[in-house]
Structures are given as C-alpha cells and as structure tokens.
Amino acid sequence: MKPYQGYVYAYPHKTAYRPLDPAPALRDVWRDEDTSRLFLYLHIPFCEIRCGFCNLFTRTGAPESLTTAYLDALERQAEATLDALGPAARFTQAAFGGGTPTYLTAPELARLCDLTTRILTHPAEPSSSAQQDGLRPGAADPVGFSDSARSDGLRTSHPVDSLSSRQDGLGSGAADPVGFSGSARPDGLRISRPGSAHLAGPTGSARPDGRTLRSSSARPAGPPSSARADGLLASGPGSASVAGGGRPGVPLAVETSPGTATKDRLEVLRAYGTRRVSIGVQSFVEAEARAAVRPQKAEEVVGALDTIRDVGFPVLNIDLIYGIDGQTAESWTRSIDRALEWRPEELYLYPLYIRPLTGLGRLGGDWDDQRLRLYRLGRDHLLSHGYEQVSMRMFRLPGTRAGGTEYSCQEDGMVGLGCGARSYTANLHYSFEYAVHATEVRAIIDDYVRTEDFTRARVGFAMTGDEHRRRHLLQSLLQAEGLDRLAYRARFGTDVLADFDLAPFARRGWLEETPGTLVLTPEGLAHSDALGPALFSPHVRALMDTYRAR
C-alpha cells in the first residue's frame, strides 16, 4: 500500500461536495442542531505568492479594493449566519485561516477581530457601560488555543489535523482543516432579530498615505488599548478582546507567513488576545524553499520568528515540509534544529505532495521512500528533544494544552465564514464552490463579494449514519491517543470493530487493540495517509473520483 495517498484533514473531503438542489435555508439547516459548543472558522483566501505545493483555495495579488469588498461580504455572511443560528449559539474555539490571514493590513486585521468579537459575544446585551460597538469594557478574558482531552476521552482539538487546519484549519498550515470584517457603512449592518449584535465595525482599511504594499508595515492599526500586565485588555473604544460579555475566553489561532508576520499586524492580533500563531516556514534552506516554489530569504524567516516571540504569543507553531527535491537527511535535520532555536510549543511536519493544478503538480515525480525515511528521522529527532507526538504531522511540548474547552471535533458543529470555509452540522457539511486553478479561484471570489443573499447553503454533502461513524473513526484513530471504544459505543450504540473491518491494519502491525481503545502503532501513524483514505466510504470515493478539478 502506497504510504502517501492523501492527507485526511477532514471527512468527507471537499471534492465530495456537490451543488445542493434545492439549496436549503440556513435556518432549516441549523434548526435542530446543538449550538452550545461551536467552532468559528474565518477564511481569508489571499496570499502574497502561491507556493508550488499548495492546493488550498487562495489567490495572489489581491488589491485593497478586493480585500475591502471581501470583508464587506464577510459581514453580510456573518449577519445571515447568526440569524440562522439563533440567540442560543455559543462558540468555544475560533481560528483565522487561509490563504494567509496576515495578508490583510493591520487596520484590516483590527476590523476582522472586531467582527469576530461581535460574533463570539452574540447576542449583545444592552448595558449603560457599553462601548460604541456594543461590547462591555473590561469583560473579556484573554483567549487561548486548546487541544486538550475531555473526561469522556473525546479530543477537544481544532478540526483537521486535530483534523486543522488549517483548521484543523483550523491548519496550522493546513488546516484544511480556515478572516473578515468590512468597511463600515453609515447606517451599520444589523442582525434582523431584536436585541441582536451590530456587525458593522469602524473602518480601518483606508490609508491616508495611499500605500498599498501588503507586506509593508504601513499605518499601525492602533492596538485596541494598552495591554495590562495580566494579559487582559484595558477598556477603550474598540478594545474588546475576542471574548467578552462576561463569558469565558474563546481560544483563537491565526496563520501567518514570513513575509506578512510584521510587527504592526502581530501587535493587533496579540492586543485582541490571540494565543496561537502558526507560521509556514517549510524549510530554512533557501535552495529547498526555491525548489518548493516558496522563494524566501533566511533573514526574513528569522526576523518573522523573532517578532512573533517578541510580541509574546503563548503558542508558536512552525510548519516544515519533508520530501523536497534535493533535500537530504542532513539538511532536513538542520531545518528542524533551526526551528528548535525558537523552542516552538508546536511543530507540524508535512510530507510534500504533488497535486493537480499546482506548480509542483506540473513538474512530476514522487519520493515515497525518501519521505518515509525523512518522516521517521524528523519524528525521532523531535521525540528526543522532549516533544510528544499528537498525530502523524503534529508534535508539541508537554503542557501546551493549557486553557481547555469543551469542544469535540467528532461531535460538535463548525461555522465557517468566507468563500473557502466549510461548515459542519450533524446532517449537512456545506461550503461554497472549490477550485485550485487561479482563474477559477478568482471567479469564485468575485462571485462571493457580489453576493447579497447568504441565507442558503449552496454546495455540500448530506451526512448519513454510516458517514457519521466513519468521520468519528477517522478523527479519532488518526490521532496518537487513538479511539475511545466506550465513547464510540455511547454515541452509536455499537462497537467500532463490529462496524468496520480493521483487521487488515492490525495484520500490518499498524493497529493495537485494547478493551477500551484502538491505537495506531508508530508505523501505523507513519502510514496515516494510506490508512485514512482506505476508510473512506464507497460513496465518498465515487464522488471524489468523478470530481472535475478546477
């Protein structure tokens, strides 16, 4: 069995989604859902460059007029989504993914955080001490990022590899697996329900000096107030953290890149309480970065990492890639050691994939043996430096799981905003159209920013009982801690081994069984990208096989 068949960061994969006819109203989609523990994912589909290995939904070179229009559309979508969710909805985790969320300027990021705050604190309660945006001052705790386990054994991870992110997704760099706000209108956008939160925030994208370079520090956004010594934000106009209204803090994770991790952007994110920042380095060797069609200078990477640490985010994740043309065991170890100089709380080690319609997809070639060898080398190197393995890709320092929430990626819902985001309910996974080719991506984004009516789900996949079981199996088994058989039985009324034939994996030495758990062996984790796709249903496989790449 070939070891590298596909990264299962979500199930079903988006290539199994199809247009929904008739398109259901979001109010109907969410009507009977448990909305007490939701994940909020905001997608920014913009990057400075498109890496050769990337098949994410993103475009390059977006002008400020487009980012402003995109943020406007996000506000409209947020308004419609909150209306569908109803006043009882509560969020327990949040992430900005992409693309590269920090492609946005510092003022745009401030507006994105303002909108996020209003979503997370929805519905706003009237108060004599309310700020101009309807949030009460001094009510928020700093937000954090969590990947902790619940007492019933279910992971409280972000969807994607923690099945990320990117994520997931919330991914760290993948996060399938994961930005917004818009220009304030004079009248403000409002949710139609009485007593609901205002969504329009103060504008911040217009720059009086006319500068449009996305990587420039430009005009500082003006962090929402001075941070206090205890990490809580002092009150002031626009100063609310990403948690407010007296509710517990909501973990927030944000993706960035070496070219956009500027101090002004990062200070905005930290001022709003961002706890986790993930940066895609891929390689500290410039020749390898060029081979992956990721041109970057070593000093730029070093400067970005220094700035992230200086600004003071509690959790830093660094993404690295193995299997790059010309990469050796020595150069791979050297990249890992360079990353360890910043002692990141998390590292993701990604195998290089060659995908259709990407830069490397047009080059050809494959390196299964090399990738397996480099994976094992990287895994053992990180374990020897005190890291623990969470999944095939994810490693973290013990004790990084601070600030846990009750979110369960196997069971709880996800609300995705942005044209590259997906949403999960018990009966329907839905999103917008998906593409990789630059022309198709631009057309989808253009359609999104022109959309006025976001009250219906347009593209998706209807979940059945069998698919629910498969999703639970995949999201649990592909993690190092494995699947809790008692939790599975409590949810579905059957034993997982009665529902799925896992004996072939046990015979390969990939799976260990105990009365209470199913756990992948070290070699099983190494072959996660073969084992995962092998568990897809025939229906999902057929849809993926007939998907027309765009």
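Quick notes on the rules
- Residues numbered from 1 in each chain as written.
- Predicted model: local features only at pLDDT ≥ 70, side-chain atom pairs only at ≥ 80, totals over all residues.
- Heavy atoms only, no water.
- Helix = DSSP H or I, 4+ residues; strand = E, 2+ residues; numbered from the N terminus.
- Buried < 20%, exposed > 50% of the residue type's maximum accessible area, 1.4 Å probe, protein only.
- Salt bridge = Lys/Arg side-chain N within 4 Å of Asp/Glu carboxyl O.
- Pairing = 2+ DSSP bridges.
- Right-handed = clockwise from strand over helix to strand, strands pointing away.
- Polar contact = N/O pair within 3.5 Å; in protein donor to acceptor, adjacent residues only side chain to side chain.

Across its full length, the protein chain holds 16 helices and 18 strands. Within the protein chain, buried positions represent 61% of all 550 residues.

What follows deals with the pattern of salt bridges. Going through the model one piece at a time under the given rule, you end up with 21 salt bridges. For Arg485, the salt bridge goes to Asp495, with nearest N and O atoms at 3.0 Å. Taken together, the residues Arg485 in helix α11 (residues 485–492) and Asp495 in the loop between α11 and α12 (496–499) connect sequence positions 10 residues apart. What emerges from the salt-bridge pattern is a single network uniting Arg485, Arg489, Asp495 and Glu513.

For the rest of this paragraph, the subject is the sheet that holds strand β17 (residues 511–513). Across a sheet, paired strands are connected by hydrogen bonds in the backbone, their directions being either parallel or antiparallel. Strands sit in the order β16-β18-β17 across an open sheet of three strands; the sheet is antiparallel. A strand with exactly one partner marks an edge of an open sheet, and here the two such strands are β16 (483–484) and β17. In this sheet, strand β18 (residues 517–520) lies alongside β16 in antiparallel orientation, the contact comprising two bridges. In the sheet register, Leu483 faces β18, and the bridge partner there is Leu518.

Attention now moves to the pairing of strand β9 (residues 346–351). The buried count for β9 comes to six of six residues, which makes it a mostly enclosed element. The alternating pattern of β9 places Glu346, Tyr348 and Tyr350 and Leu347, Leu349 and Pro351 on opposite faces, both of which are buried. Note: strand β8 (residues 315–322) against β9, six bridges, orientation parallel. Considered in β9, the bridge of Asp319 is made with Tyr348. Running through helix α7 (residues 329–340), the crossover from β8 to the neighbouring parallel element β9 is right-handed. Taken together, the three bridges between β9 and strand β11 (residues 394–396) define a ladder with antiparallel strand orientation. The partner of Leu347 across the bridge, within β11, is Phe395.

With that out of the way, let us pick up the side chain of Ser391. Here Ser391 shows up in the loop between β10 (388–389) and β11. At 3.1 Å, the side chain of Ser391 forms a polar contact with the backbone nitrogen of Met394.

Right, let's get into unusual backbone geometry. Look at the link from Asp21 to Pro22: it is a cis peptide, with omega at 5°. You can see Pro22 is positioned in the loop between β1 (18–19) and α1 (26–30). Here the bond from Gly98 into Gly99 is cis, since omega is 15°, no more than 30 degrees from zero. Note on placement: Gly99 falls in the loop between β5 (91–98) and α3 (106–120). Its identity is not glycine, yet Gln282 carries a phi of approximately 75°, on the positive side. Looking at where Gln282 falls in the secondary structure, it is placed in strand β7 (residues 276–282). We classify Gln282 as buried; its relative accessible area is 8%. Even without a glycine there, the phi angle at Arg343 is positive, about 45°. Relative to the elements of secondary structure, Arg343 occurs in the loop between α7 and β9. The class of Arg343 is partly exposed, set by a relative accessible area of 40%.

All quantities given are derived from atomic positions and should not be read as evidence of function.
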